[in-house]
Amino acid sequence: MTCSEILAGASSVRALVIGDICLDRWCRYDPALAEPSRETGIPRCAVTETVCTPGAGGTVAGNLKSLGTARVSVIGAIGNDGAGLDLRDALDWASIESNLVAFPEIQTFTYTKLVNSETGVEDLPRVDFVNTAPLSAAREHAVVGTFLDSLEGFNTVIVADQAETAHGGTVTDNVRKSVCELAARYPSLVFVADSRRRVEHFRNVIATPNESEAAAACRRAFGVVDYARLHRLIGGPATVVTAAERGAWLIDDDGERLLPAPQGVPVVDPCGAGDSLSAGFALALAAGAGTEAALRFGIIVAAVTVGKRGTGKATVEEVLELAATTELGG
């Protein structure tokens, strides 16, 4: 299936993203205004402009929408706070349906990126607002209920399990169990899961960890790095292990092979590359592509986004242009 055919099929794709839907807050600061505080003497970071965009699972959703997916919706637990309102506004602006569930006892995951207005480079430590409070049983039930109520009408589900705290994310044990049970029950639906710290606990899905995450999962599960064994443990139709500028490993019943990334593409910012690959991969599978063609498409989408600063989105035109130079073709 060619790139053009996959993109044409995007009009039939209806994607549901469940998990950590975060707020990316892009703050441009003026280093010339970094005068010390009169009270403490600590130099200030003088932010002069702020732009908010959906992050983490929101980046997945943003790429799906940019690539022409007919319908994109997100489900996640957020705080009943100002950042949560900003996140809803950012999703609305991007024409992404929001089924976020707000709880007063947690705060919205927010990643604040400080960009030098003179250089355009993010050169100060990020300020992250993380949630470490576990969801109560009642809150888990609310998230699962929203997921079950929303599933009808979608043909692909992408899980964004990005929280690296022990209990602070949307994808709790019970939420993950619900996803895995539905993946087994509905094999005709495409289930893709990206998990930073718990990939070995997923079942019946196509997992998409990077090499570091996959190796750590293997060691936790059985003490040695063995991608094929991890694939058998998870039990989905395939497992994908992303390999940065080298491309991505595809592991399935035919074995393991590395699908290369396009050559000569400058890497400006790798942030969000895995999210964009997952978006392109899931879209292509739902559009009817085979696993290998879908992964090649996802690699192209990621190659486009790493050429942009921040967690960029790939457009149809950009993907077609880059695909024309690859084996996938136009």
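In this convention, every chain numbers its residues from 1, walking through the sequence in written order. Where totals are concerned, whole chains, interfaces and linings use all residues; where local detail is concerned, this predicted model gives features only for residues with pLDDT of at least 70, and gives and counts side-chain atom pairs only at 80 or more. With hydrogens and water set aside, each side-chain value is computed from the structure's full complement of heavy atoms.

**Student:** Sorry, what's going on with the overall build of the protein here?
**Tutor:** Only DSSP runs of H or I reaching four residues or more are called helices, and only runs of E reaching two or more are called strands; each is numbered from the N terminus. A count of helices and strands for the protein gives 10 helices and 15 strands. Our radius of gyration looks at C-alpha atoms and nothing else; its globule reference is 2.2 Å times the residue count to the power 0.38. Taken over C-alpha atoms, the radius of gyration comes to 20 Å for the protein, in line with the 20 Å a tight globule of 330 residues would show. If one aligns the C-alpha atoms of the protein with their principal axes, the spans along those axes are about 65 × 50 × 40 Å. Only protein chains enter the accessibility calculation, which uses a 1.4 Å probe; a residue whose area is less than 20% of its type maximum is buried, one above 50% is exposed, and one in between is partly exposed. Counting only residues that meet the buried cut, the protein has 52% of its 330 residues in that class. Every accessible area reported is derived by Shrake-Rupley at a probe size of 1.4 Å, with residue values counting cover from the shown protein chains alone. By element, 51% of the accessible surface of the protein is carried by carbon and sulfur atoms, the whole surface being about 14,200 Å². Positive: Lys, Arg. Negative: Asp, Glu. His and the chain ends are not part of the count. A charge is said to be at NZ when it belongs to Lys, at CZ for Arg, at CG for Asp and at CD for Glu. Side-chain charges in the protein split into 28 positive and 41 negative, and the spacing between the mean points of these groups amounts to 3 Å.

**Student:** I would appreciate a short explanation of the sheet that holds strand β2 (residues 21–29) in the present structure.
**Tutor:** Read across the sheet, four strands follow the order β3-β2-β8-β9 without closing on themselves; strand pairing throughout is mixed. Since the sheet does not close on itself, it has two edges, and those belong to β3 (47–56) and β9 (127–129), each with one partner. Strand-to-strand twist in this sheet, taken as the mean axis angle between neighbours without regard to direction, amounts to 20°. Only when DSSP finds a minimum of two bridges between them are two strands counted as paired. Of the strand pairs in this sheet, β2 and strand β8 (residues 110–116) are connected by seven bridges, and their pairing is parallel. Angles shown run from 0 to 180 degrees and are taken between the N-to-C directions of axes, each axis being a line fitted to C-alpha atoms and, for helices, limited to the stretch in contact.

**Student:** Help me understand the pairing of strand β14 (residues 248–252), please; the structure alone is not making it clear to me.
**Tutor:** The buried fraction of β14 amounts to four of the five residues, a majority that puts the element mostly inside the structure. Inspection of the sheet shows strand β13 (residues 239–242) paired to β14 by four bridges, in the antiparallel sense. From the neighbouring strand, Thr-239 faces β14, where its bridge partner is Ile-251. The loop that links β13 with its antiparallel partner β14 comprises five residues; one of these, Ala-244, has a positive phi angle of about 55°. Bridge count for β14 against strand β15 (residues 255–259) is five bridges, and the pairing is antiparallel. When the sheet's bridge partners are listed, Trp-249 is paired in β15 with Leu-258. In this antiparallel pair of consecutive strands, β14 and β15, the connection spans two residues.

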